[in-house]
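# Structural description and commentary
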Amino acid sequence: MAPQHTARPEKKTWIATNAPVAIVRCDDYDRSTVLSAVRKACDAASIPSVDGLTVLVKPNVLSDAKVELNITTNPEIVRALIRILRERGAKTVLVGDSPGIQGPSFVPRNCGLQEVCEEERAEWCDFTKEPDVRTVPGSFGKRLPFAHALQEADMVFSVAKFKTHQLMYATGTVKNLFGLVPGLHKSPCHLAYPSRESFARLVAGIYSIAKPSFNILDGVIAMEGAGPANGTPRHLGLILAGCDGTAVDAAQSTIMGYDPLTIPLTQALLDRKLTGWRTPQEISYPMLDANDLVVEDYKRIEQQPSSHLFTSLVLPLFTRVLKLRHQKKQPEPLFDMSRCIRCGRCVRICPGKALSLVGDGNDRRISIDYGRCIRCYCCHEVCPADAIRINSTERTEA
Ligand code: SF4
Ligand code: SF4
């Protein structure tokens, strides 16, 4: 009798999809120029059919800064996409984001998206309303609230800004999905997942829940230097698009001059087999090629040594004391009181409870307890006055 073999569980297969990323030129935010460039990018990247569907468009609103600061996805990019979705028969277009510092009933007035939604008859969604709690895969059971609009939509389109990011080095269409977690629910995640690598694994888990069907990156005027909020606008004149957001973001890293495989979020996505490619060489470019567009003098965030893989995997299980000790090696936030407008945003968002506004009148200033600081840089992200620097060598007591 032939020996009996127990069938092995099938390994998860990793299908390379040739992940095409369409990169097109778009020199400015003139309405018709943007519409024509976004249309070209959508066609070249094979935008999926949206006929009869409800589509959730997720721009990057960050802290609702004015359009001219180029911190948020430009409203003309969002307008163009809404028009294209309507042309292609989308039943309903929802638009939403929930900046970390904003509470319920937030509307994006300054960044121009409220106007675009009204003019294009798209529905702005309040992500804080009746969120659905879900367990994030690969996060040691972390349960997070997610915008209810995610349930209502048949498809998600991530429409992000091409930017550097102090914690993640680059922020693109995948990191943009963290905004599906409403408002102030976001910053405590940094306390639970304090290192770049552990936080990247959490974001990869969120991506697996909310994987967009299509992605657009606004690189017409990108941000370099101290992103995502206090960097410098940099004209690139590019729009990137693709069905695989991980490939779009890898193209962004390439253009910035990073090796995409050194970006912790990309590493986490690759580890979890959430990419349609295994090496950057497998990403195809039907229009312009990211490898020909590398900006040699792009002001990148200096990369720090990565956490040991094991440490980064189990860091969320560490006690607060051990997490803090681990994070001490990372650059510190420094406060420039001559720029600070005493708005208190950094104090409100700080997950480590390391900040306070002390003193009275003209002496009112930010006090930081570096012993509690987990180096998440949320303070830097929400500061409207560019009063916070991230520096590894210098420390000025605030
Ligand atoms: S001070 Fe800034 S970097 Fe430190 S924990 Fe608070 S928000 Fe994060
Ligand atoms: S440092 Fe920035 S966020 Fe903090 S109080 Fe000053 S201006 Fe506001």
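Above this text is the structure in question.
The shown structure was predicted, so the numbers you read here are calculated from the model rather than taken from an experiment.

### Considerations on the pairing of strand S13 (residues 365-368)
Burial of the side chains of S13 is restricted to one face: Ile366 and Ile368 are buried, whereas none of Arg365 and Ser367 on the reverse face is. The sheet contact formed by strand S12 (residues 355-358) and S13 spans 4 bridges and is antiparallel. Each residue of the ladder has a partner; that of Leu357, found in S13, is Ile366.

### Some thoughts on the layout of surface pockets
The volume enclosed by the largest pocket comes to roughly 330 Å³. Ala65, Leu69, Ile71, Ala229 and Pro384 are the residues nearest the centre of the largest pocket, which is lined by 18 residues in total. For the lining of the largest pocket, the class distribution of residues is 9 nonpolar, 5 polar and 4 charged. A domain-level breakdown of the lining of the largest pocket finds at least three residues from each of domain 1 (22-292) and domain 2 (331-391). For the lining of the second largest pocket, the per-class residue count stands at 6 nonpolar, 5 polar and 3 charged. Formed jointly, the lining of the second largest pocket draws a minimum of three residues from each of two domains, domain 1 (22-292) and domain 2 (331-391).

### Side note on the site of ligand 1
In the vicinity of ligand 1, the contacting residues are Pro333, Cys350, Pro351, Leu355, Ile368, Cys373, Ile374, Arg375, Cys376, Tyr377 and Cys379. When the residues that make up the shell around ligand 1 are grouped by side-chain class, the tally is 10 nonpolar, no polar and 1 charged.

### Let's talk about the site of ligand 2
Near ligand 2, the surroundings consist of 14 residues, among which Cys340, Cys343, Gly344, Cys346 and Cys383 are the closest. Cavity membership is defined here by more than half of the atoms lying within 2 Å of grid points; on that basis ligand 2 lies in the second largest cavity. Within the shell around ligand 2, the residues separate by chemical class into 11 nonpolar, 1 polar and 2 charged.

### Here's the deal with the environment of Asp97
Position of Asp97 relative to the elements: it lies in the loop between strand S3 (92-96) and helix H3 (113-120). As a C-alpha pair, Asp97 and Val107 span 10 residues in sequence and 9.1 Å in three-dimensional space. A distance of 3.0 Å separates a polar atom in the side chain of Asp97 from a polar atom in the side chain of Lys58. Of note is the side chain of Asp97, whose polar atom sits 2.8 Å from the backbone nitrogen of Val61.

### Things to note about unusual backbone geometry
A cis amide bond, omega 10°, links Gly227 with the succeeding residue Pro228. Along the chain, the position of Pro228 falls in the loop between strand S9 (214-224) and strand S10 (232-242). The backbone of Lys273 sits at a positive phi, close to 55°, despite the residue not being glycine. With respect to the helices and strands, the residue Lys273 is situated in the loop between helix H8 (264-271) and helix H9 (309-314). Phi at Arg375 takes a positive value of approximately 60°, unusual for a residue other than glycine. Note on placement: Arg375 falls in the loop between S13 and helix H12 (378-382). Given the relative accessible area of 2%, Arg375 is considered buried.

What counts and how
Residues numbered from 1 in each chain as written. Chains lettered and ligands numbered in written order. Predicted model: local features only at pLDDT ≥ 70, side-chain atom pairs only at ≥ 80, totals over all residues. Heavy atoms only, no water. Buried < 20%, exposed > 50% of the residue type's maximum accessible area, 1.4 Å probe, protein only. Helix = DSSP H or I, 4+ residues; strand = E, 2+ residues; numbered from the N terminus. Pairing = 2+ DSSP bridges. 1 Å grid on protein atoms, 1.4 Å probe; cavity = no way out; pocket = protein on both sides within 12 Å on 5 of 7 lines; lining within 4 Å. Points joined across faces, edges and corners; volume = space filled by probe spheres on them. Nonpolar A, V, L, I, M, F, W, Y, C, P; charged D, E, K, R; others polar. Domains from an automatic or database assignment. Near = heavy atom within 4 Å. Sits in = over half its atoms within 2 Å of the grid points. Polar contact = N/O pair within 3.5 Å; in protein donor to acceptor, adjacent residues only side chain to side chain.

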